[in-house]
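An overview of the molecular structure
Here is how the chains run, residue by residue.
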Number of protein chains: 4
Amino acid sequence: MTRWVLTLSCPDRPGIVAAVAGALADLAGNITESQQYGDADSGLFFMRVEAEADVEREALEEALAGVTEQFDMTWELDVVGRPVRTVVMVSTASHCLHDLAYQQRSGRLPVDVVAVVSNHTALQGIADFYELPFHHVPVTRETKARAEAELLRIVRETDAELVVLARYMQILSDDLCRELAGRVINIHHSFLPSFKGARPYAQAHARGVKLIGATAHYATADLDEGPIIEQDVERVEHDDAVSELQAMGEDVERRVLGRAVRWHAEHRVLVDGRRTVVFR
Amino acid sequence: MTRWVLTLSCPDRPGIVAAVAGALADLAGNITESQQYGDADSGLFFMRVEAEADVEREALEEALAGVTEQFDMTWELDVVGRPVRTVVMVSTASHCLHDLAYQQRSGRLPVDVVAVVSNHTALQGIADFYELPFHHVPVTRETKARAEAELLRIVRETDAELVVLARYMQILSDDLCRELAGRVINIHHSFLPSFKGARPYAQAHARGVKLIGATAHYATADLDEGPIIEQDVERVEHDDAVSELQAMGEDVERRVLGRAVRWHAEHRVLVDGRRTVVFR
Amino acid sequence: MTRWVLTLSCPDRPGIVAAVAGALADLAGNITESQQYGDADSGLFFMRVEAEADVEREALEEALAGVTEQFDMTWELDVVGRPVRTVVMVSTASHCLHDLAYQQRSGRLPVDVVAVVSNHTALQGIADFYELPFHHVPVTRETKARAEAELLRIVRETDAELVVLARYMQILSDDLCRELAGRVINIHHSFLPSFKGARPYAQAHARGVKLIGATAHYATADLDEGPIIEQDVERVEHDDAVSELQAMGEDVERRVLGRAVRWHAEHRVLVDGRRTVVFR
Amino acid sequence: MTRWVLTLSCPDRPGIVAAVAGALADLAGNITESQQYGDADSGLFFMRVEAEADVEREALEEALAGVTEQFDMTWELDVVGRPVRTVVMVSTASHCLHDLAYQQRSGRLPVDVVAVVSNHTALQGIADFYELPFHHVPVTRETKARAEAELLRIVRETDAELVVLARYMQILSDDLCRELAGRVINIHHSFLPSFKGARPYAQAHARGVKLIGATAHYATADLDEGPIIEQDVERVEHDDAVSELQAMGEDVERRVLGRAVRWHAEHRVLVDGRRTVVFR
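Since this is a predicted model, take the numbers as computed values, not measurements.

**Quick look at the relation of the copies chain C and chain A**
Taken as rigid bodies, chain C and chain A are interconverted by a rotation of 180° and an axial shift of 0.0 Å, the fit giving an RMSD of 0.0 Å. Both copies of the chain, as the preceding transformation shows, are related through a two-fold rotation axis. Interface overlap between copies is the fraction of interface residues in one copy that are interface residues in the other; for chain C against chain A it reaches 100%, indicating a shared surface.

See the structure below:
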């Protein structure tokens, strides 16, 4: 018995669930968990199904082919728990890399970090400790195009399915964002209200915010504007210094990024225009 | 077009979703939101479907009859948003009644409070303000059986579907719990660790807990042990007096009870033995 | 024995706590709770003391006079728990007024609502139920100045110490903000990221945010930019409609405003430039 | 200039703050942050002061000697940020050790882990990576007394000030608890309601709890009943398996333990009978 996970989206109309569930039932597949959602605004229907079935991938794909064509579906089929091949990109801040690596090793996160790529060498020690291949790809204004080409080469060579920007302090080019659309997760700090420009924690401190937060989202050409996957906040007090705000910010960043990566790797996140549907 | 909500549970086996979705598709019903869950421990399968269909109740029930029989389903069919006829039972604490009444009036809560029943008269003013029928049913050790009979009479006369114990400080008899099984929601305070006996907030204060919480659950003969619907906590500090703990406790109680009642009234809560499945 | 609360701020230098505590000790005053904070950025020192002493106000003020002059203090002295005379301003949304009135009646909030002022009549019923004087002061572009004059008249006539903008959908003039500086608390919704313009909940929905929040702050001429007193957020899901976001937003608004008003009324909030010091 | 932190408790009576602040003022010490609390139940007064002063420890202690004697104070004086010499005890679960070590290295936690002691060897690799001395002290029923003697020897030899039981799955003897009273912090899972006996996560799952939590407390002879330092919870859903509850439990454990250790190391936690005063 294999446990399959099928995710799909398509224009909403009657009969989708019946068709999918019918195809699974014909193979004696047993649905163990499933969620559906129709977005009245976008007119799209989203579905995630976990089903146990004693069947090979080819047979399953064949059984679903009629349905996916009929309803014009975008779909993905995977085995539950299969580690997703992942490239993690970092600069010098270690908290996110550390947490992802620790969670992978603990078996909490169905990812297989096939490469750590950095424009610095500061985090090589962590990569080594977790036995993750480390690639130093320096970036200057002049070498940026070459660096991105090298990144793409690594992604292809490792057959990576996901790129995580784990506090990678370089902006990806529009071309690269398009090339990897829907496969790049970014994390950044968030505040109420939001702050533009440099030293956001110092600005947040000066303004006396009571909450600091983080947002994980898919990277798009419009960098911090991609579909949001997860957000969370932490409470701060008037006597927390800028350095403490930063420490709390890092803690909430690693937590939010960890959840976003897990949900993505478990095929729980579907993109719905500028939004995401998260079937937790 | 009517928007229907169907909830069901049955022994888990292949084909359930296909059968239900197929029956809906045959009526040109469009599923707008749905969730399923198979509990490997209990061997039961749970499903909640919202579907739009241009169909009368009789036709829909007829279309589903074959499926519900075939799979031996426990099921319920309702129109989305229909107010659930509800009896609220109170003693002297007003916070829960107040919140439920306010939320009903605001259109936030799909309930129709058909009676407020109390063993005291302290809260009659609130019932009057919200124009809710108020019944004073005093309870002493001698009159308990008679009082419960009166309660049952009110439940039947108002055709109530749900009874909410909104800080009703009387223990229901086992017989009454059984009579109303699955239809009575209770709220009580909760602590880490838990405290037995009188004056729990004073005990919690003496023990220096940092969190106080509340639990909403279905009432069973074993009073505080019924299936949990919702829980939440609030943070307290060393300088919060017992009275402040109690105020915070009331705040978290009303919040937790409000959520539990809404989810129940929206047919999002299904009982799975000693647990609940909550399709939020 | 009276329980006094003294709050003060002044330029930071050695000896402040010693001087204040010494003056209290000379009167046999017993400090029961106290907090101090020196802001290295602004160079200001903040202090809040609760002390029991068998002494009249005059004697206490006299005893403190030397100290407050010596250190150039801004200070306030009050009896712990004395209800603060408060004007609540509303338009048509009832959730904040309702909660403040309920909490006052429950004895949870040391305020005495001496007037409810509204540019509409929709909430008169709530004011009547809680026996709060209601003033209808309509506002049009032409009558705005006259309306503000009427508001000021009410504030003065009732000797109000605090004005709470409880979803009052009119912008106060700069003059009025200055006139009432530090005495007006406003509540508004907050998002990560923030949204400008009309229908913020619809924007937040379209953008797929996962958190919605609220901010309570002192009103300044720059309306939503005054010193923040409290913030909180609530988690939302992809299937929450705009109306549900709004309902959750109202819930978090009333919670945040309730806390801000209580802390202000308990003299726990001190303004530190664009920030607040909150001695919880 | 040195930044000092003074913590103290004593029987409550007028004049304490004046005396302490006066002594500091005499040395031209500038108080930058301070909190006081009088517990009416226990009759004890608690104080924590951070003050900048250009003074040696001896001079400061001498200046305070009169005050501490006069008021019969239990007190402690330290330099702000000095790393506290800490022994971490573990068995096989890595999450707490990992987080403490990572936070120490990041400079977030003012501790100096002088020894990792374990009755297993599973976590030696982590200790090595962070360059922490690792001691393998096996424990069987027969060798328990000898193992505790060895532990005490390590504590003394390293001059350790704090022992953290970071999922150390052995119960300390009453004698050892008394020997190290107030210097041992333990972490354990917590539920609403609580569960006795083996496999608590399985019990929590069977009961369908919606929150799982963790409690950090000082270890006393009555193991899980010592004064609570910090608690927190995480929300779980009906479809979270026992293994997921456990993963979430570990995440909340490491977070709660990390905070408790930081607050202890920053001298923010004072014991008040069965409770703690936490000056955050």
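**Regarding the interface of chain C and chain A**
Where the parts come together, the accessible area they lose is often given as the size of the interface. Every contact between the two is made by 36 residues of chain C and, on the other side, 36 residues of chain A. Summing both sides of the interface, chain C and chain A together bury roughly 3300 Å²; the carbon and sulfur share of this comes to 46%. Per-residue buried area on chain C facing chain A is highest for Leu-192, Arg-207 and His-238 of chain C; these three make up 24% of the total on that side. Across the contact surface, chain C and chain A share 6 salt bridges. Across the pair Arg-280 of chain A and Glu-237 of chain C runs a salt bridge whose closest N-O atoms are separated by 2.9 Å. The interface formed by chain C and chain A contains 22 residue pairs in polar contact (both at pLDDT 80 or more). For the side of chain C that touches chain A, the secondary structure elements donating two or more residues are strand 9 (184-191), helix 7 (200-207), strand 11 (228-235) and strand 13 (275-278) of chain C. The leading source of residues in the side of chain C that touches chain A is strand 11 of chain C, at 7 residues. Of the residues contributing to the side of chain C that touches chain A, the split by class is 14 nonpolar, 8 polar and 14 charged.

**Some details on the domain arrangement of chain A**
Residues and elements named next belong to chain A. According to the domain assignment, chain A contains domain 1 (2-79) and domain 2 (84-278). With centres defined by C-alpha atoms, the gap from domain 1 to domain 2 works out at 31 Å. Tallying the contact residues gives 14 residues for domain 1 and 8 residues for domain 2. Summing both sides of the interface, domain 1 and domain 2 together bury roughly 890 Å²; the carbon and sulfur share of this comes to 50%. In this assembly, domain 1 and domain 2 are joined by 3 salt bridges. A salt bridge links Arg-275 to Asp-39; the nearest nitrogen and oxygen atoms lie 3.6 Å apart. Here domain 1 is connected to domain 2 by 5 residue pairs in polar contact (both at pLDDT 80 or more). Mapped onto the side of domain 1 that touches domain 2, the elements with two or more residues apiece are strand 1 (2-11), strand 2 (30-39), strand 3 (44-53) and strand 4 (74-79). For the side of domain 1 that touches domain 2, the element with the highest residue contribution is strand 3, accounting for 5 residues. Among the residues forming the side of domain 1 that touches domain 2, the class breakdown is 6 nonpolar, 2 polar and 6 charged.

**A look at the relation of the copies chain A and chain B**
Structural alignment of chain A on chain B gives an RMSD of 0.0 Å, achieved by rotating through 180° and translating 0.0 Å along the axis. A share of 100% of interface residues in chain A that are also interface residues in chain B marks the association as one of identical surfaces.

The rules we used
- Residues numbered from 1 in each chain as written.
- Chains lettered and ligands numbered in written order.
- Predicted model: local features only at pLDDT ≥ 70, side-chain atom pairs only at ≥ 80, totals over all residues.
- Heavy atoms only, no water.
- Least-squares fit on C-alpha atoms with pLDDT ≥ 70 in both.
- Contact = heavy atoms within 4.5 Å.
- Buried area = accessible area lost by both parts, 1.4 Å probe.
- Salt bridge = Lys/Arg side-chain N within 4 Å of Asp/Glu carboxyl O.
- Polar contact = N/O pair within 3.5 Å; in protein donor to acceptor, adjacent residues only side chain to side chain.
- Helix = DSSP H or I, 4+ residues; strand = E, 2+ residues; numbered from the N terminus.
- Nonpolar A, V, L, I, M, F, W, Y, C, P; charged D, E, K, R; others polar.
- Domains from an automatic or database assignment.

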